[in-house]
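Coordinates in review
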Amino acid sequence: MPELLTERTVLTTFAAIAVLGMFVLLCRARRVSTSVEDATLAALHRVTSAAPYLRQGMTQESADKTAPHLRELLACVAVGIIDADGTLLSWDGEANHHYADLRTKIEQVLRTGKREFLDHGDVTCDQRPCPMRHAVVVPLEVEGENRGALAVIAAGDRKRLLRAAAEVANHVSTQLELAELQESKERLAKAEVRALRAQISPHFIYNALNTIGSLIRTDPEHARDLLQEFADFTRYSFRTSGLYTTLADEIRNIDRYLTLERARFGPDRLKVQLKIAPEVLPVVVPFLALQPLVENAVRHGLANKPGGGTVTVIAEDRGTEALISVDDDGIGMDPERLDAELTNAHLTGAHVGLGNINNRMRATFGNDYGLVVETEKGAGMKVIMRVPKFAPGVRPVPPQSIDEPGVGLAAEPQPSR
């Protein structure tokens, strides 16, 4: 019996040791795994933290905010960011006394587009101990052109420095490319808004003023109201700031436009229906997204129809989206002809507003948000627009930018200072 107990005791002891050993191994593996995961998450955090500043372009402000994140990411002594002209925008870290030694290397990198390496043993240094062991300068390229350089000072292994600096430089270059792409998109959007302003029919302006002029003697009160509507319409349509606005502001503007056109055609020839859900009034849309659609309905759909017709504007709440439609019961047109005219709108000017707004909607919200046009000869035309209630980076212009002093016909004279 004692022998049996002893054997069981030994086996129990071995089993306990084995379990304990497995537990220790698992704990160590878990610690290693957790350590790797934590390091990965930390690196991702630093990369994403630097990205918004890099997408602001190569400026001193963006470089000052980016450099600390890059130094932490590289775990190096110092990081310097240099623009395409060779100007040091920011330096974060130590060993800045060696920047003068890097000047020649920086000039070579900006000239050749190839990286340059500098070892501490190749320079004169009176500082003991010096935190610098190696330094590398790598180019920042966007579409084959130098946009600047990245100088990295390190105290560790040379191979790791070269590889890490190259990877970070690629990341920085990608963000700078995105910044230039965003800037290009904004320039295009502004150009498209200018094109829409240019498309506001001179005939409309002439006819509106002519209508107001004809009422001055017979109905001066009505003429004064129309002149105010015209002034507000032009102030809004020709404002110089803001790519986006609220649906409420767009609805007000098309109401002004239709008020002027009804005064010209007469309330019997041009009937208007506005059905707007209050929930969608704050939704943000591209500036001048609706007025050209309504003008297209009046000019192309109803102006040539005997007896005129009705323009209906509907904005509905559809959960995460607003569904907006501009509908007329005018003469309509052949769908194939409309497709052909939209394809060549940039050359012929026909229905340029439809093509312009379609492009801007897709550029702003994505390809799924293009215009949908339903038409048939003799059956009118309906243009449908879906707008997400929330979209990153899409914000309306502040109200004070709309009513700028001295802009528009109804602007009040400003006191002298």
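Predicted model only: the values in this text are computed from it and were never measured. (Residues numbered from 1 in each chain as written. Predicted model: local features only at pLDDT ≥ 70, side-chain atom pairs only at ≥ 80, totals over all residues. Heavy atoms only, no water.)

1. Some points on a negative patch on the surface
A grouping of Asp334, Glu336, Asp339 and Glu376 is seen on the molecular surface, where their side chains present a negatively charged patch. Its location among the elements puts Asp334 in the loop between β10 (321–328) and α9 (335–343). (Patch = residues over 30% accessible without salt bridge, like charges linked within 9 Å, V, L, I, M, F, W, Y side chains within 5 Å. Areas by Shrake-Rupley, 256 points an atom, 1.4 Å probe, with all protein chains shown as cover. Salt bridge = Lys/Arg side-chain N within 4 Å of Asp/Glu carboxyl O. Lys, Arg positive; Asp, Glu negative; His and termini not counted. Charge placed at Lys NZ, Arg CZ, Asp CG, Glu CD. Helix = DSSP H or I, 4+ residues; strand = E, 2+ residues; numbered from the N terminus.)

2. Observations regarding the sheet that holds strand β5 (residues 145–154)
The 5 strands lie next to each other as β2-β1-β5-β4-β3, forming an open sheet whose pairing is antiparallel. In this open sheet, the two strands that pair with only one neighbour each are β2 (88–93) and β3 (116–119). Adjacent strand axes in the sheet meet at a mean angle of 15°, parallel and antiparallel pairs treated alike. When strand β4 (residues 134–142) meets β5, the two strands line up antiparallel, connected through 9 bridges. By the bridge assignment for β5, Val138 is matched with Leu150. Against the sheet, helix α2 (residues 60–74) makes contact with β1 (78–83), β2 and β5, and its axis sits at roughly 35° relative to β2, the strand it touches most. Packing against the sheet, helix α3 (residues 99–112) makes contact with β1, β2, β3, β4 and β5, and its axis sits at approximately 150° to β5. (Pairing = 2+ DSSP bridges. Axes fitted to C-alpha atoms, helices over the stretch in contact; angles between N-to-C directions. Contact = heavy atoms within 4.5 Å.)

3. Quick word on the pairing of β2
As paired elements, β1 and β2 share 5 bridges and run antiparallel to each other. Of the residues in β2, the one forming a bridge with Val79 is Asp92. Here β1 folds back onto β2, and the loop between the two strands holds 4 residues, one of which, Gly86, carries a positive phi near 90°.

4. Concerning the pairing of strand β11 (residues 372–375)
In this sheet, strand β12 (residues 381–388) lies alongside β11 in antiparallel orientation, the contact comprising 4 bridges. From the neighbouring strand, Val372 faces β12, where its bridge partner is Ile384. The turn linking β11 back onto β12 is made up of 5 residues, and Gly378 within it adopts a positive phi angle of 85°.

5. Examining the confidence of the model for the chain
Should the pLDDT be low somewhere, the predicted coordinates at that spot are not to be read in detail. Per-residue confidence for the chain gives a mean pLDDT of 77; residues scoring 70 or more make up 73%. Of the regions scoring below 50 in pLDDT, residues 1–34 engages in 1 contact with residues more than four places distant in sequence or in other chains. In the model, residues 399–417 has pLDDT below 50 throughout and makes 20 contacts with residues more than four positions away in sequence or in other chains. (pLDDT = per-residue confidence, 0-100.)

6. A short note on the environment of Gly213
Considering the arrangement of structural elements, one finds Gly213 in helix α5 (residues 202–218). We classify Gly213 as partly exposed; its relative accessible area is 42%. In this structure the C-alpha to C-alpha distance between Gly213 and Leu227, which are 14 residues apart in sequence, comes to 9.3 Å. (Buried < 20%, exposed > 50% of the residue type's maximum accessible area, 1.4 Å probe, protein only.)

7. Topic: the sheet that holds strand β9 (residues 309–318)
Consider a sheet: its strands pair through backbone hydrogen bonds, and that pairing is either parallel or antiparallel. Taking strand neighbours across the sheet as the criterion, the 5 strands line up as β7-β9-β10-β12-β11 in an open arrangement whose pairing is mixed. Whereas interior strands pair on both sides, the edge strands pair on one side only; in this sheet they are β7 (270–276) and β11. When strand polarity is set aside, the average angle formed by the axes of neighbouring strands in this sheet is 10°. Seen against the sheet, helix α8 (residues 291–302) touches β7, β9, β10 and β12 and runs at an angle of roughly 150° to β9.

8. Description of the nonpolar core
For soluble globular proteins, the rule of thumb is that nonpolar side chains tend to be buried together. If you look at the biggest cluster of nonpolar residues, it comprises 50 residues, and the most contacted ones within it are Leu290, Leu293, Val294, Val311, Leu371, Met385 and Val387. In terms of residue count, the dominant contributor to this core is helix α7 (residues 247–265) (7 residues). Sequence-distant contacts of Val387, that is, excluding residues within four places in its chain, are made with Val283, Val284, Val285, Thr320, Glu321, Ala322, Ile324, Met361, Phe365 and Tyr369. The next biggest cluster of nonpolar side chains, apart from the first, holds 23 residues, and it includes Leu140, Ala154, Leu161 and Leu176. (Core = buried A, V, L, I, M, F, W, Y, C linked by side-chain atoms within 4.5 Å.)

9. A closer look at the side chain of Thr66
Inspection of the secondary structure puts Thr66 in helix α2. Classification of Thr66 by relative accessible area gives buried; the value is 1%. Within polar-contact distance, the side chain of Thr66 engages the backbone oxygen of Ser62 at 2.7 Å. (Polar contact = N/O pair within 3.5 Å; in protein donor to acceptor, adjacent residues only side chain to side chain.)

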